[in-house]
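Descriptive structure summary
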Amino acid sequence: MTVTIEVPSAEDVQATLQQELASGDVPDIVASNLDPVVAPQLLAFPEEDWVLDTPLAQQNKVGGKIWQVATGAQIQSLVFYNKKAFADAGIDGPPVSLGEFTEDLKALKKAGYLPLQTAGEWVTGAQFAMLANPQLLASVDFYAQRTAGSATFAASAYKDYLDAYAGWIADGLVDRDALGLKYQDSIDGFTSGKAATYVMGNWIVPSIDEAKPPFGVGVFAAPSTDGSPAGQLGGPAQPYSILQGSKNRDLALSLVKYLVSDKKAVSASLASEGNFRQGFPYEGSPLNREVAAIHDAAARLVIGTSGPTIPGGFGDELNKQVQALYVGTEPAKAAAALDSWWDLNAGS
């Protein structure tokens, strides 16, 4: 008896799966992130400890059921920093509040650095979510509350971070022409030593290590509004789902259980892609180990701008509104635009 695992590329996973479902020639297991719309074709996992212990299992339920389990998690609310730049600016330690972060950016500018590296494309909105989502989702039901009309972006942590971001633009703490930069440009800007800080997910660690920048690189968790311990925006890494059409359900379930709960299997899998999970250590670079410590100390993991309770396309709209700050849109109008967009799209 053979269990088939499908590992489609991220670009065509939905199309590939739909074609296979239509043909009746379905794999037993899909090893990829899936859109929640395909959940009806998936086998719900049992509410057992090995399932509930997988990263973000509860946050990514669909209809109250867990349809995907992950080996580990990517964490994204990280600020990588140039240690020499911080020393030149007289900054003794990483900031823990949004206000302290802003003051440090000002000090870095006086020291001759571009304080915060960003870029256009998808980077602008993604960095904003990496900074703000742990605070936004301090109440884990925020997105559901927004859909119900009992919460708004205009009266949420997003407004605080939009205000801060607009101030950074006005004070020259980010490049006013940053929207013309590509993702790779932002990596190069940081690793060259031009920029002092860079907000990005843990996947950037290998790029930084390979660049061998001529300065020490540190990392700290994205600061919260008030300095209290913050969570981490995270995403499921190396996830698995079982198709309802599987002819080997029991065997497929046993295999997935092994892949996401066996100590050696999980640790090897995490090490292969540089992802994280509490209680599953592995050897990594010094910077990787710093990120692992942040992951282990995080108050919680929260989801990003896509998921079961989020209208499709919200990440693109957030990116649009954050980028609008660069052309003078007021933060209050950007927040109101997010609320209007949500009201139009939450039921679609």
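For the structure itself, consult the block above.
In short, a report on the structure. (Residues numbered from 1 in each chain as written. Predicted model: local features only at pLDDT ≥ 70, side-chain atom pairs only at ≥ 80, totals over all residues. Heavy atoms only, no water.)

1. A look at helix α4 (residues 98-110)
Along its 13 residues, α4 runs 19 Å from first to last C-alpha, staying within 8% of the 18 Å computed at 1.5 Å per residue. Leu98, Phe101, Thr102, Asp104, Leu105 and Leu108 are the residues of α4 that are buried. Considered in projection along α4, the buried side chains sweep an arc of 160° and stay on one side of the axis. Contacts from the buried residues of α4 go to β4 (78-82), α3 (83-88), β5 (114-117), α7 (157-170), β6 (195-199) and β7 (217-221). A positive phi of about 100° marks Gly112, the residue just after α4. (Helix = DSSP H or I, 4+ residues; strand = E, 2+ residues; numbered from the N terminus. Expected span 1.5 Å × (residues − 1). Buried < 20%, exposed > 50% of the residue type's maximum accessible area, 1.4 Å probe, protein only. Arc of directions from axis to C-beta. Contact = heavy atoms within 4.5 Å.)

2. Thoughts on the packing of α4 against α7
Running from N to C, α4 and α7 point in directions that differ by 10°, and their axes come no closer than 11 Å. Compared by their axis directions, α4 and α7 come out roughly parallel. For the pair formed by α4 and α7, the contact residues are Leu98, Phe101, Thr102 and Leu105 on the first element and Asp160, Tyr161, Ala164 and Trp168 on the second. (Axes fitted to C-alpha atoms, helices over the stretch in contact; angles between N-to-C directions. Parallel < 35°, antiparallel > 145°, perpendicular 65-115°, else oblique.)

3. Re the pattern of salt bridges
Evaluated as defined, the whole model comprises seven salt bridges. Here Asp88 makes a salt bridge to Lys84, at a shortest N to O gap of 2.8 Å. Of the two residues, Asp88 and Lys84 are both situated in helix α3; the distance of four residues between them amounts to about one turn of the helix. We note a salt bridge from Lys182 to Glu121, for which the minimum N-O separation is 3.9 Å. Pair noted here: Lys182 is in the loop between α7 and α8 (183-191) and Glu121 is in the loop between β5 and α5 (123-136), with a separation of 61 residues, a long-range link. On the basis of relative accessible area, Lys182 is assigned to the exposed category, the value being 51%. (Salt bridge = Lys/Arg side-chain N within 4 Å of Asp/Glu carboxyl O.)

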